Amino acid sequence: MADRYGVPAFNIVNDLTIKAVLAAAVEERSPVILQTSVKTVKMYGRAQLFEIFAALSREVDVPVTLHVDHCPDRGVISDCLAGGWNSVLFDAHELDVAENLRQTTEVVDEARRYGAHVEGEIEGIQGVEDGVGSDDASVQQSLEVAVDFIKRTGIDCFAPAIGNAHGQYKATPALDHQRVTDLVDATGIPMALHGGTGLSAEQFQDLISRGCAKVNISTALKESYMKASLEFLKGAETRDSWDPPSFFRHQADAVKATAAEHMRIFGSTGRAS
Ligand code: 13P
């Protein structure tokens, strides 16, 4: 459908990346989802990470969601929901589907008490994301099993395995876009597109038009952050000039540009009036 767009969900890793992504969202007038891996939550501690997010998003006048990415740990899910996150991905794909369904239903009940949203997953997405996941090809469940899971759990968003993978693709992925259409037609809920880094604008736009309304980007943001850092430090060494604020500005500009570029591709630019 022509009017659909994807809300970008960026994995942020610290204050600088939060600030840069929010600056891109404000400039592009785009809604945005900031995702935290379990590793990032544990690195800061839930309370400190939330305080940083809250301080940096207070003046932001576009819709911002704080989401926990791929979390198999019910304790971390509960802690984040109680601590201010308004969306969680309960990733129980390693459990059998019946047990995953039972626990995801409980997570949905818990999230509703906070007015929060739940993304569900029954198939591992290939590739390791901040220590979670596996490089083995993911196993797809049947359409019937996936639809039954979505309807019975009452989740708000579903993360299907469609040949997508976390990290850079080693070859152009063959994506099962029909599965997205079938799932959206059968359930009416949006899909989350994982493994966004390395997909082409055409692939993004096709999947978004089929109902991938949440589009995840992690590796691309981390790479632009780290590569901009390396580039700046090489220059600093050559010039023998060591000014941290210029370094931070250079890093933030790179992260912001990467975020803004994805907003434009996903059609989210201009959607937050
Ligand atoms: P990429 O690292 O491939 O962008 O994937 C991000 C993602 O899906 C986070 O869950």
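As shown above, the structure is provided for reference.
Residues numbered from 1 in each chain as written. Predicted model: local features only at pLDDT ≥ 70, side-chain atom pairs only at ≥ 80, totals over all residues. Heavy atoms only, no water.

## Digging into empty space enclosed by the protein
Applicable threshold: Cavity and pocket criteria rest on a 1 Å grid covering protein atoms alone: a 1.4 Å probe that fits but cannot get out defines a cavity, protein on both sides within 12 Å along at least 5 of 7 lines defines an open pocket, and an atom within 4 Å of a point defines a lining residue. Grid points are joined across faces, edges and corners, and a volume is the space filled by probe spheres set on the points. Note on residue categories: nonpolar means Ala, Val, Leu, Ile, Met, Phe, Trp, Tyr, Cys or Pro, charged means Asp, Glu, Lys or Arg, and polar means any other residue, Gly included. Under the DSSP-based scheme used, a helix requires at least four consecutive residues in state H or I and a strand at least two consecutive residues in state E, with every element numbered from the N terminus.
Scanning all chains against the criterion turns up two cavities of 30 Å³ or more. Of the pockets and cavities examined, the largest cavity occupies roughly 70 Å³. In this structure, the largest cavity is lined by 14 residues; those nearest its centre are Glu129, His166, Gly195, Asn216 and Ser218. Tallied by class, residues from the lining of the largest cavity come to one nonpolar, 11 polar and two charged. Of the voids in this model, the second largest cavity is the one considered here, and its volume is about 50 Å³. As for the second largest cavity, its lining consists of His70, Asp91, His93, Glu121, Gly124, Ile125, Gly127, Glu129, Val132, Gly133 and His166. Secondary structure elements with two or more residues in the lining of the second largest cavity: strand E6 (127-129) and strand E7 (132-134). Among the residues forming the lining of the second largest cavity, the class breakdown is two nonpolar, six polar and three charged.

## What about the pairing of strand E1 (residues 7-11)?
Put simply, side chains in a regular strand alternate between the two faces of the sheet. Note the following rule: Remark: exposure states derive from per-residue accessible area (1.4 Å probe, protein chains only) relative to the maximum for the residue type, with buried under 20%, exposed over 50%, and partly exposed in between. Paired strands are those between which DSSP finds at least two bridges. A right-handed crossover is one whose linking path, passing over the helix from the first strand to the second, runs clockwise when the strands point away from the viewer.
In terms of burial, E1 is largely enclosed, as five of its five residues are buried. Residues Val7, Ala9 and Asn11 line one face of E1 and the alternating positions Pro8 and Phe10 line the opposite face, and both faces are buried. Taken together, the four bridges between E1 and strand E10 (residues 212-217) define a ladder with parallel strand orientation. Note that in E10 the partner of Ala9 across the bridge is Asn216. Here E1 pairs with strand E2 (residues 32-36) via three bridges, running parallel. Bridge pairing in E2 places Asn11 opposite Gln35. Handedness of the β-α-β unit built from E1, helix H1 (residues 15-28) and E2 comes out right-handed.

## Looking at the packing of helix H6 (residues 143-153) against helix H7 (residues 177-187)
What counts, and what does not: For every element, the axis is a line fit to its C-alpha atoms; helices are fit only across the contacting stretch, and the angle between N-to-C directions ranges from 0 to 180 degrees. Roughly parallel refers to an angle under 35 degrees, roughly antiparallel to one over 145, roughly perpendicular to one between 65 and 115, and oblique to any angle outside these ranges. Here is the rule for handedness: rotate from the far helix to the near one, and if that takes an anticlockwise turn smaller than a right angle the crossing is left-handed, while a clockwise turn gives right-handed. Residues are treated as being in contact if the distance between any of their heavy atoms lies within 4.5 Å.
At a minimum axis distance of 10 Å, the contact between H6 and H7 shows a crossing angle of 40°. It follows from the interaxial angle that H6 and H7 lie oblique. At the point where H6 passes H7, the crossing takes the right-handed sense. Judged by residue contacts, Leu143, Ala146, Val147, Ile150 and Lys151 of H6 engage Arg179, Asp182, Leu183, Ala186 and Thr187 from H7. In the contact of H6 with H7, the residues fall into six nonpolar, one polar and three charged.

## Quick look at the site of the ligand
Under the convention used in this document: By convention in these notes, a residue is near a molecule or strand provided one of its non-hydrogen atoms lies within 4 Å of it. Here a polar contact means two N or O atoms within 3.5 Å. Within protein one must be a hydrogen donor candidate and the other an acceptor candidate, and residues neighboring in sequence count only if both atoms are side-chain atoms. Method for areas: the Shrake-Rupley scheme with a 1.4 Å probe, in which residue coverage is limited to the protein chains shown. Molecule-in-pocket calls rest on the fraction of atoms, with more than half required to lie within 2 Å of the cavity or pocket grid points.
The environment of the ligand is made up of 16 residues, and the closest members are Asp69, Gly195, Thr197, Ser218 and Thr219. A distance of 2.8 Å separates an oxygen atom of the ligand from a polar backbone atom of Gly195. Within the side chain of Thr219, an N or O atom sits 2.5 Å from an oxygen atom of the ligand. If the ligand stood free it would expose 310 Å²; the protein chains cover 100% of that surface. Here the ligand is seated within the largest cavity. Contributions of two or more residues to the shell around the ligand are made by strand E3 (64-71) and E10.

## Focus: the layout of surface pockets
Quantified by volume, the largest pocket comes out at close to 360 Å³. Lining the largest pocket are 18 residues, and of these Ile33, Thr65, Ser87, His117 and Lys214 sit closest to its centre. Counting residues per element, the ones that place at least two in the lining of the largest pocket are E2, E3, strand E5 (117-121) and E10. By residue number, the principal contributor to the lining of the largest pocket is E5, which donates three residues. Its residues assigned to classes, the lining of the largest pocket shows nine nonpolar, six polar and three charged.

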